[in-house]
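A closer look at the structure
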Amino acid sequence: MSESPARTEPRLASPPHVVGAAPGQQGAAGLAGVLLPVAIVLVIGAIFVSVFLAAFHDPKPHDLPVAVVGTGAQVERVADGLERGLSGGFEVKGYADEDSARQAVQKRAVYAAYVIGDGASSELLYAGANGPTVTSTVTGAFSQVAQASGDRLTQQDIVPASAGDSRSMSVFYAAFGIVLAGFLFGMMTYQMAPRLPYRWRMASLGAFSVLGGVVVALIVGSLGFAAMPGPFLGVVGIVALMAAAVGGTTMAFMRLFGKAGMSLASVVLLTFGNATSGGTLPSAYLPGWLQPLSEILPVGVGVRALQGLSHFDNDGLVVGVLILAAWALVTAAGLYWRDSHSPRRSAAA
């Protein structure tokens with residue numbers, strides 16, 4: 001009697017390597033599922049309220065750069081008067097003539113220029129495009145100086161705000177909108193397409209960034225609200241870089257930290273980023289511990305570049321492009337490294 005051949009169990013094929021998927025996590029249950037969302041949201045909310053109140057509850061300038069045209073003795077006298085009016089509020093720079101001081105205001109190297117004339121007269125040059133708070137600060141401070149010296153002060157707005165942006169707030173709202181969109185994109189790309197390969201995820205980020213730049217430029221430009229008079233393609237480029245930097249950073253947080261990455265990204269980009277953006281007030285009005293963030297986070301450098309492109313002779317444009325590009329490239333490289341070193345995961349994970 002012949003023996004029947006042994007049956008061989010079929011071998012399960014190894015699941016394909018999923019590139020670009022965010023780390024899978026087991027959902028919280030029981031008491032943890034009840035209390036953990038409450039704790040996380042309250043902590044994020046407390047951070048948001050604390051940071052924004054610290055930045056804006058009583059805004060005062062700290063070493064706001066201003067120019068004074070006059071002799072050395074006159075410059076010193078004006079600096080003493082400003083210090084008495086608001087201690088530590090201004091950084092006074094002496095200029096040789098009115099033309100150089102005027103150019104400094106137009107390039108936002110200084111926020112106002114006080115020109116001491118012959119006799120009992122003086123002139124204040126300022127930029128209304130810096131917003132009503134800055135205008136009120138410099139006009140009020142220098143009016144007190146002129147009054148103490150017995151001078152008759154005339155004022156001239158040499159960089160006025162756009163007709164469609166009378167309070168110079170549009171750049172803040174535009175930046176907040178693109179940052180919020182970048183945060184949502186970075187979060188949703190892993191929620192809606194967790195198994196998308198890296199190259200296609202980067203293509204999606206590129207499409208979002210470019211289209212976001214075009215949409216924002218159309219809204220704020222001459223075809224929309226005429227709030228930013230900068231060149232259309234320039235605004236598109238800066239906004240697109242902001243979108244790529246914020247979207248890529250959110251993706252990196254999600255990829256590295258899983259669900260916790262969403263909370264971290266919201267604190268870093270939405271809270272600290274928007275509070276230090278300079279869209280409502282220049283960084284000189286921020287507390288000292290917040291000022292450095294304005295110069296390194298994508299929102300702050302992007303806002304300054306947009307303001308410079310629209311009003312201030314490209315002030316901050318080159319630095320903004322370099323920093324935003326660095327954020328986008330570093331996060332893209334980090335995502336590629338993380339994906340290339342990711343262990344094989346099962347389809348369920």
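Let us look at the structure shown here. Throughout this description, residue numbers start from 1 for each chain and increase along the sequence as written. For this predicted model, a pLDDT threshold of at least 70 governs which residues receive local features, and a threshold of 80 or more governs which side-chain atom pairs are given and counted, while totals over whole chains, interfaces and linings are taken from all residues. Only hydrogens and water are set aside; all other atoms, that is, all heavy atoms of the structure, feed into the side-chain values.

This part takes up the overall build of the protein. For the purposes of this entry, the term helix denotes a DSSP run of H or I that reaches at least four residues, the term strand denotes a run of E that reaches at least two, and both are numbered from the N terminus. Scanning the protein from N- to C-terminus turns up eleven helices and five strands. Exposure categories follow from relative accessible area, calculated using a 1.4 Å probe and restricted to protein chains: below 20% of the type maximum is buried, above 50% is exposed, and the middle band is partly exposed. The buried share among the 349 residues of the protein stands at 45%. Pairs of residues are marked as contacts when any of their non-hydrogen atoms sit within 4.5 Å. Contacts in the protein between residues far apart in sequence, at least 24 positions, make up 75% of those at least 6 positions apart. Element-wise, carbon and sulfur atoms account for 64% of the exposed surface of the protein, whose accessible area totals about 17,700 Å². Under the convention used here, a 1.4 Å probe and the Shrake-Rupley method define accessible areas, while residue burial counts only the protein chains that appear.

Before going further, it helps to spend a moment on the packing of helix H10 (residues 298–310) against helix H11 (residues 317–340). Contact pair H10 / H11: the axes reach a minimum separation of 8 Å and the direction vectors enclose 145 degrees. Handedness of the H10/H11 crossing: left-handed. Residues Pro 298, Val 301, Gly 302, Ala 305 and Leu 309 of H10 lie in contact with H11, whose contacting residues are Leu 317, Gly 320, Ile 323, Leu 324 and Trp 327. Class assignment for the residues of the contact of H10 with H11 results in eight nonpolar, two polar and no charged. All axes are obtained by fitting lines to C-alpha atoms, using only the stretch in contact for helices, and the reported angles, taken between N-to-C directions, cover 0 to 180 degrees. Rotating anticlockwise by less than a right angle from the far helix to the near helix defines a left-handed crossing, while the corresponding clockwise rotation defines a right-handed one. Asp, Glu, Lys and Arg are counted as charged, while Ala, Val, Leu, Ile, Met, Phe, Trp, Tyr, Cys and Pro are counted as nonpolar; the rest, among them Gly, fall into the polar class.

Two aromatic rings, drawn from Phe, Tyr or Trp (for Trp, its six-membered ring), form a pair once their centres lie within 6.5 Å of each other, and the interplanar angle then sorts them: stacked below 30 degrees, edge-to-face above 60, tilted otherwise. In the structure shown here, the tally under the stated rule is nine aromatic pairs. With a centroid separation of 5.1 Å and 15 degrees between ring planes, the pair formed by Tyr 114 and Phe 142 is classed as stacked. Placement of the pair is Tyr 114 in strand S3 (residues 112–116) and Phe 142 in helix H4 (residues 132–149), with a sequence separation of 28 residues. Each of the two residues, Tyr 114 as well as Phe 142, counts as buried.

Below, the discussion takes up the sheet that holds strand S2 (residues 90–95). The mixed open sheet is built from five strands, whose spatial order is S2-S1-S3-S4-S5. Every other strand in the sheet has two partners, leaving S2 and strand S5 (152–157) as the edge strands with one partner each. Within the sheet, the average angular offset between the axes of one strand and its neighbour, ignoring direction, is 20 degrees. Pairing between strands is defined by DSSP: at least two bridges between them are needed. Alignment of S3 against strand S4 (residues 121–126), held across five bridges, turns out to be antiparallel. By the bridge assignment for S4, Tyr 114 is matched with Leu 124. Across the face of the sheet, helix H2 (residues 72–85) comes into contact with strand S1 (64–69), S2 and S3 while running at roughly 165 degrees to S2. Its contacts with the sheet place H4 against S1, S2, S3, S4 and S5, and it is angled at close to 170 degrees to S4.

Before going further, it helps to spend a moment on the side chain of Ser 121. Relative to the helices and strands, Ser 121 is located in strand S4. We classify Ser 121 as buried; its relative accessible area is 18%. Nitrogen and oxygen atoms within 3.5 Å of one another constitute a polar contact, given that in protein one can donate a hydrogen and the other can accept it, and given that sequence-neighbouring residues count only through two side-chain atoms. A distance of 3.0 Å separates a polar atom in the side chain of Ser 121 from the backbone oxygen of Asp 118. Beyond its immediate chain neighbours, meaning those up to four positions away, Ser 121 contacts Ile 116, Asp 151 and Arg 152.

Glancing now at the environment of Val 299. If you trace the backbone, Val 299 turns up in helix H10. Overall, the relative accessible area of 0% leaves Val 299 in the buried class. Distance from Val 299 to Ala 275, taken between C-alpha atoms, is 9.2 Å for residues 24 residues apart in sequence. Setting aside chain neighbours within four positions, we find Val 299 in contact with Ala 175, Val 179, Met 242, Leu 269, Gly 273, Asn 274 and Ser 277.

We call a set of buried Ala, Val, Leu, Ile, Met, Phe, Trp, Tyr and Cys residues a nonpolar core when their side-chain atoms join them within 4.5 Å. Ile 178, Met 202, Val 235, Met 242, Met 251, Leu 306 and Leu 335 are the most contacted members of the largest nonpolar core, which has 42 residues in total. The element that contributes the greatest number of residues to this core is helix H7 (residues 232–257), accounting for twelve residues. Once residues lying within four places of it in the same chain are set aside, the contact partners of Met 242 are Ala 175, Ile 178, Pro 298, Val 299, Gly 302, Val 303, Leu 306 and Leu 324. In terms of nonpolar packing, the next biggest core, distinct from the first, is built from 22 residues, Tyr 114, Ala 141, Phe 142 and Ala 146 among them.

This brings us to a nonpolar patch on the surface. A patch consists of residues exposed above 30% relative accessible area that lack any salt bridge, with like charges linked at up to 9 Å and nonpolar side chains (Val, Leu, Ile, Met, Phe, Trp, Tyr) linked at up to 5 Å. Salt bridges are defined as contacts in which a side-chain nitrogen from Lys or Arg sits within 4 Å of a carboxyl oxygen from Asp or Glu. Among the surface-exposed residues, Leu 180, Leu 184, Met 188 and Met 192 lie close enough to one another that they form a single nonpolar patch of about 360 Å² accessible area. Leu 180 sits in the partly exposed class, given a relative accessible area of 33%.

Further remarks concern the pairing of S3. For S3, the tally of buried residues reaches five of five residues, placing the bulk of the element in the interior. Burial along S3 is two-sided: Ala 112, Tyr 114 and Ile 116 facing one way and Ala 113 and Val 115 facing the other are all buried. Inspection of the sheet shows S1 paired to S3 by three bridges, in the parallel sense. From the neighbouring strand, Ala 67 faces S3, where its bridge partner is Ala 113. Between the end of S3 and the start of S4, which pair antiparallel, lie four residues, with Gly 119 showing a positive phi angle near 70 degrees.

With respect to the element layout, Leu 286 can be found in the loop between helix H8 (260–275) and helix H9 (291–294). For the pair formed by Leu 286 and Ala 55, sequence separation is 231 residues and the distance between their alpha carbons is 5.4 Å. With sequence-adjacent residues up to four places away left out, Leu 286 is seen in contact with Ala 55, His 62, Ala 275, Thr 276, Gln 291 and Ser 294.

Moving on: unusual backbone geometry. Phi is positive for Ala 226, close to 55 degrees, though the residue is something other than glycine. By the secondary structure assignment, Ala 226 is in the loop between helix H6 (198–220) and H7. A relative accessible area of 39% means that Ala 226 is categorised as partly exposed. Even without glycine at this site, Asn 314 takes up a positive phi of about 65 degrees. Here Asn 314 is to be found in the loop between H10 and H11. Residue classification places Asn 314 among the partly exposed positions, given a relative accessible area of 40%.

Interpretation in functional terms is not warranted from these geometric data alone.
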